Structures are given as structure tokens and as C-alpha cells.
There are 2 protein chains.
Amino acid sequence: MNDTPAWLSPAEQHAWRAFIRLHQKLWATLERDLKAHKLSGADFQILVALTDTPDGRQRFQDLASTIEWEQSRLSHQIARMTKRGLVAREECAEDGRGAFVAITPAGRKIIEAAAPHHVATVRRLVIDALSDELDTFARLSNRILEQLDNEPR
Amino acid sequence: MNDTPAWLSPAEQHAWRAFIRLHQKLWATLERDLKAHKLSGADFQILVALTDTPDGRQRFQDLASTIEWEQSRLSHQIARMTKRGLVAREECAEDGRGAFVAITPAGRKIIEAAAPHHVATVRRLVIDALSDELDTFARLSNRILEQLDNEPR
């Protein structure tokens, strides 16, 4: 191991800064869209994960691993969403495998209202902007993800 | 205009979800790295923007436009960082063009301590993972950014 860090070259720095800027601007735009429906990005992500299941619910543990959040963060987020009536905890005494988190009718209503605008924004800003290079972008994203998945936790 | 949203196709959804996952995992990893130096991603971004200038300071307005933050958000962040001694406000009465934000020696010390590890992580997870396709990734990021820059605010 060498102690001197390998600073980024100008070309590497250019690429990395473009990606940081993309990350910041895109997420700010998407969050602003969702805010019009009184949803945060975190709310939206959880509601999507729940509506992706046939019965709109997941065990807390499974939900944490689906969205790759630490349990303590998810626990706080679910408490806030429960208070707002977007999800409900369903205890499951019989099997000892822990509680379910279920989307409520109010949660379903709000995500159904927010989704069309959100999808239209994603389509305009990302899908259409990349057009025939979307697959390349997905492949490169997956290359970084593979590296991330190999990191020690 | 058609009222029915054009939902994402399976291939589009695959690409979009890979990108969301990348965004979440990469930033969580980078934030964890910085946390070891008691810095948030936002702290780091501001300190980098200040060290990028020859004298380590920028007018508040210019800093806001460099990092593309809304003024109210930057104002809160600078107040917190001032309290922690990482930056200082330098009033500039004579020209009426507003105060400077300057990095302090303590701020410089902390970013110099954090940067080598941060750069090593960026290199390992992004630069090396993409290797000869880094330019392609930058080009595609810039395609989305162009679209974002054309959005009405």
C-alpha cells in the first residue's frame, strides 16, 4: 500500500464532477416534484417497495433489505409514515418472524396521485435524454454497483 | 398532451432502478467515509468549493451558484459550519456585494485529513470500476445534465 493518494487526473475529475452534479441536480428535481404531493424521496421509495408486492406489505426486515437501508433509519422513517397514515404496522405474533409494514389506502391514494408526474419527469430527464444509450448507462451503473457490492460493510 | 402516463417498460425500469440503487449505495458509502472525519457530504462539498479558489473564500452568492444550492439551504448550512469553526463569514462593507464565506485553518485541516481516503474510495468504486468506459459515463451524465439545465425552474 502506498500512503500518497492517487489524486484524480483532470479527465477523471471532469467525469466525477459531472456525476456529482448529475446526482445533486436530478435528485433535487425529483424531490421537488414529489414535494408537491407532500412526499419525500424516502416516503416514495418505501411506498413503491410496498406496492411492488402482491398484497402491499412486507416484513420489516425484508423491506430493509429490499431498499438497502439500515434498520434504525427504516424504523424512524416507518414511525413517521405511520403517524401520517401512509403505512401501518401489522404485528404477526404467531410466527415470531417480526411485524409487517403495510401500505394503507391513504398511502396507495397518495402514491397513485404522485406516480404519473414522477414517471413523466424520469422519462423526460433520463430515459428520453439517453434514448438509445440507456442500456449503456444501465450497464455502467451496474459495473459500479458490482464494485460496491464487493465492499466490506 | 396525453393524460395517461407512459409507464416505464421493463428495460427502462431495469435501467432506472439500477441508477437509483447506484445513487443510494454510492452516496451512503461516501457519506460513511466522511463521517469518520466528522464531515457530512454537504460539509465536504462546501469545503471543496472553497479550497478550489486561490484564497479559500467565495462570496455567499457565488458559492450558492457554484454548488447550485438554494440560498436558504446554504445559509443554514454555513451557520452550522461557522459554529463548528470550519468556515467564517467575512463581511465586506465597502462594496455592497455581500459577505464572503472563507475556509478557516481548522476547516482546511479537516478536509486535508478527509480527502485522501475520500479520493481513494472514489477511485476504487467509480474510476477503476469503469476504467476505459469512464469517458462514456461522463458523456451520458452530461446528456442528462443538459436536459436538466433546460428545465424551467
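In the block above lies the structure referred to throughout.
Residues numbered from 1 in each chain as written. Chains lettered and ligands numbered in written order. Predicted model: local features only at pLDDT ≥ 70, side-chain atom pairs only at ≥ 80, totals over all residues. Heavy atoms only, no water.

### Regarding the sheet that holds strand β3 (residues 100-103) of chain B
All names here are of chain B.
- A sheet is described by the order of its strands in space; here three strands give the open sequence β1-β3-β2, paired in antiparallel fashion. Two strands in the sheet have a free side with no partner beyond their single neighbour: β1 (57-59) and β2 (87-90). If you compare each strand with its neighbour and ignore which way they point, the axes differ by 25 degrees on average.
- The sheet strands contacting helix α3 (residues 60-67) are β1, β2 and β3, and the helix crosses β1 at an angle near 95 degrees. (Pairing = 2+ DSSP bridges. Helix = DSSP H or I, 4+ residues; strand = E, 2+ residues; numbered from the N terminus. Axes fitted to C-alpha atoms, helices over the stretch in contact; angles between N-to-C directions. Contact = heavy atoms within 4.5 Å.)

### Points about the packing of aromatic side chains
- This model, assessed by the stated rule, comprises ten aromatic pairs over all chains.
- Note on Trp27(A) and Trp16(B): the rings are 5.9 Å apart at their centroids and 15 degrees apart in plane angle, and the pair reads as stacked. In this pair, Trp27(A) is assigned in helix α1 (residues 10-35) and Trp16(B) in helix α1 (residues 10-35), connecting two distinct chains. One exposure class covers both Trp27(A) and Trp16(B), and it is buried.
- Considering the side-chain rings of Phe137(A) and Phe137(B), the 5.7 Å spacing of their centres and the 10 degrees angle between planes classify their relative orientation as stacked. Of this pair, Phe137(A) sits in helix α6 (residues 134-149) while Phe137(B) sits in helix α6 (residues 134-149), each in a different chain.
- Grouping aromatic residues by their ring pairs yields a cluster made of Trp16(A), Phe19(A), Trp27(A), Phe137(A), Trp16(B), Phe19(B), Trp27(B) and Phe137(B).
- The ring of Trp69(A) is capped by Arg73(A), whose NZ or CZ atom sits 3.6 Å from the centre of that ring. (Phe/Tyr/Trp six-rings, centres within 6.5 Å; stacked < 30°, edge-to-face > 60°. Buried < 20%, exposed > 50% of the residue type's maximum accessible area, 1.4 Å probe, protein only. Lys NZ or Arg CZ within 6 Å of the ring centre and 35° of its normal.)

### Focus on the relation of the copies chain B and chain A
- Each copy of the sequence occupies a distinct position, and chain B is placed on chain A by a rotation of 180 degrees and an axial shift of 0.0 Å, giving an RMSD of 0.0 Å. Expressed as a symmetry operation, the mapping of one chain copy onto the other fits a two-fold axis.
- Counting the interface residues of chain B, we find that 100% of their copies in chain A are interface residues as well, pointing to one common contact surface. (Least-squares fit on C-alpha atoms with pLDDT ≥ 70 in both.)

### So, the side chain of Lys25(B)
- Topologically, Lys25(B) is positioned in helix α1.
- A relative accessible area of 17% means that Lys25(B) is categorised as buried.

### Things to note about the sheet that holds strand β2 (residues 87-90) of chain A
Residues and elements named next belong to chain A.
- The strand order across the open sheet formed by three strands is β1-β3-β2, and the pairing between neighbours is antiparallel. Each end of this open sheet is capped by a strand with a single partner; those strands are β1 (57-59) and β2. Taken pair by pair, the neighbouring strands of this sheet meet at an average axis angle of 25 degrees, ignoring direction.

### Details of the nonpolar core
- One finds Leu26(A) and Leu26(B) to be the most contacted residues of the largest nonpolar core, which totals 43 residues.
- Only α1, α5 (105-130) and α6 of chain A together with α1, α5 (105-130) and α6 of chain B provide two or more residues apiece to this core.
- Leaving out residues up to four positions away in the same chain, Leu26(A) has contacts with Leu125(A), Val126(A), Trp16(B), Phe19(B) and Leu148(B). (Core = buried A, V, L, I, M, F, W, Y, C linked by side-chain atoms within 4.5 Å.)

### Some points on the interface of chain B and chain A
- Listed as interface residues are 59 residues of chain B and, on the opposing side, 60 residues of chain A.
- For the pairing of chain B and chain A, the buried interface totals around 6000 Å² over both sides, and the portion due to carbon and sulfur atoms is 64%.
- Area buried by chain B at its contact with chain A is led by Trp16(B), Ile144(B) and Leu148(B), which between them contribute 10% of it.
- Between the two partners, chain B and chain A, sit 18 salt bridges.
- Note that Asp149(A) is salt-bridged to Lys25(B), the shortest N-O span being 2.8 Å.
- For the side of chain B that touches chain A, the element with the highest residue contribution is α1(B), accounting for 18 residues. (Buried area = accessible area lost by both parts, 1.4 Å probe. Salt bridge = Lys/Arg side-chain N within 4 Å of Asp/Glu carboxyl O.)

### Some details on the side chain of His23(A)
- Here His23(A) lies in helix α1.
- Other than its neighbours up to four places away in sequence, His23(A) contacts His23(B) and Trp27(B).

### Some points on the pattern of salt bridges
- Applying the stated criterion across every chain yields a total of 24 salt bridges over all chains.
- Residue Glu68(A) is joined to Lys25(B) by a salt bridge in which the shortest nitrogen-to-oxygen separation is 3.1 Å. One end of the pair, Glu68(A), is in the loop between α3 (60-67) and α4 (71-83); the other, Lys25(B), is in helix α1, on a second chain.
- The residue Arg124(A) makes a salt bridge to Glu151(B) at a minimum N-O spacing of 2.8 Å. Taken together, the residues span two chains, with Arg124(A) in helix α5 and Glu151(B) in the segment after α6.

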